[in-house]
Amino acid sequence: MRAEAVETLTAWSVDGQAVEVAALVLSELVTNSVRASRPEDEFVAVRLSTASGDVLVEVWSRPDVPLPTVQRPDEDSETGRGLGLVEALTDRWGSYRATSGGIVVWARFPGAIVPVQRRRDEPPLPERTPRPVPEPTAAPARAPGLPDITFSTDPAVVARVAERLRALDPWY
């Protein structure tokens, strides 16, 4: 998972330092999930996303174990430092119970998209000329029995639709 995360974030042109942090954070969170899992558990899933100059790493695991907390192990302990490391490397981290079962542990940290540097001998990309946007046309006749489609910007309707869409995704 670590190698795939590095490959994905690198392909997205995420800052190299953020890619290194993501690899370490992902490794700690996945290790914790695997250790908490039982042989009959389905799987551990990872989701990476980047927006507004931040990288978000989420790890979902099936077991319904207690939500993780940062441990303060003594100096002779061989385990228990993972979430402390995650806490030190990230701006924020947390966990929640997924509605589909299991828990999601997430971490957010800075990770800007870096523009790809063009080689000097590489020709510039062609410029596109803007074209006028066509005027809307009348909707085609609908087949009998189908409802008309209407659009609404009413905040209550938009919130209700968003809530129902989130219910379709078991990550929320």
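Overview of the structure.

Thresholds applied
Residues numbered from 1 in each chain as written. Predicted model: local features only at pLDDT ≥ 70, side-chain atom pairs only at ≥ 80, totals over all residues. Heavy atoms only, no water. Pairing = 2+ DSSP bridges. Helix = DSSP H or I, 4+ residues; strand = E, 2+ residues; numbered from the N terminus. Axes fitted to C-alpha atoms, helices over the stretch in contact; angles between N-to-C directions. Core = buried A, V, L, I, M, F, W, Y, C linked by side-chain atoms within 4.5 Å. Buried < 20%, exposed > 50% of the residue type's maximum accessible area, 1.4 Å probe, protein only. Contact = heavy atoms within 4.5 Å. Parallel < 35°, antiparallel > 145°, perpendicular 65-115°, else oblique. Left-handed = near helix turned anticlockwise from the far one by under 90°. Nonpolar A, V, L, I, M, F, W, Y, C, P; charged D, E, K, R; others polar. Patch = residues over 30% accessible without salt bridge, like charges linked within 9 Å, V, L, I, M, F, W, Y side chains within 5 Å. Areas by Shrake-Rupley, 256 points an atom, 1.4 Å probe, with all protein chains shown as cover. Salt bridge = Lys/Arg side-chain N within 4 Å of Asp/Glu carboxyl O.

**A word on the sheet that holds strand β3 (residues 92–97)**
Strands belonging to one sheet form pairs held by backbone hydrogen bonds; the direction of such a pair is parallel or antiparallel. Ordered in space as β1-β2-β4-β3, the four strands form an open sheet in which the pairing is antiparallel. At either end of the open sheet lies a strand with only one pairing partner, and these are β1 (44–51) and β3. Adjacent strand axes in the sheet meet at a mean angle of 15 degrees, parallel and antiparallel pairs treated alike. Here β3 pairs with strand β4 (residues 103–110) via six bridges, running antiparallel. Opposite Tyr96, over in β4, you have Val104 as the bridge partner.

**Topic: the nonpolar core**
Grouped together as the largest cluster of nonpolar side chains are 23 residues, with contacts concentrated most on Leu9, Leu29, Val55, Val57, Val59, Val86 and Phe109. At the level of secondary structure, the elements contributing two or more residues to this core comprise α1 (2–11), α2 (16–36), β1, β2 (54–61), α3 (82–89) and β4. Per element, the largest residue contribution to this core is eight residues, and it comes from α2. Ignoring anything within four residues of it in the chain, the contact list for Val59 reads Leu26, Leu29, Val30, Ser33, Val44, Ala45, Val46, Ile103, Val104 and Val105.

**Topic: the pairing of β1**
Of the strand pairs in this sheet, β1 and β2 are connected by eight bridges, and their pairing is antiparallel. Opposite Ala51, over in β2, you have Asp54 as the bridge partner. In this antiparallel pair of consecutive strands, β1 and β2, the connection spans two residues, and Ser52 shows a positive phi of 55 degrees.

**Some thoughts on the packing of α2 against α3**
At a minimum axis separation of 9 Å, α2 and α3 run at an interaxial angle of 150 degrees. Relative to α3, α2 is oriented roughly antiparallel. The hand of the α2/α3 crossing is left-handed. Residue-level inspection shows Val21, Leu24, Val25, Glu28, Leu29 and Asn32 of α2 in contact with α3, the latter providing Gly82, Leu83, Leu85, Val86 and Leu89. Taken together, the residues that form the contact of α2 with α3 break down as eight nonpolar, two polar and one charged.

**Let's talk about a nonpolar patch on the surface**
On the surface, Val161, Leu165 and Leu168 cluster together into a nonpolar patch covering about 320 Å² of accessible area. The topology assignment puts Leu165 in helix α4 (residues 155–168).

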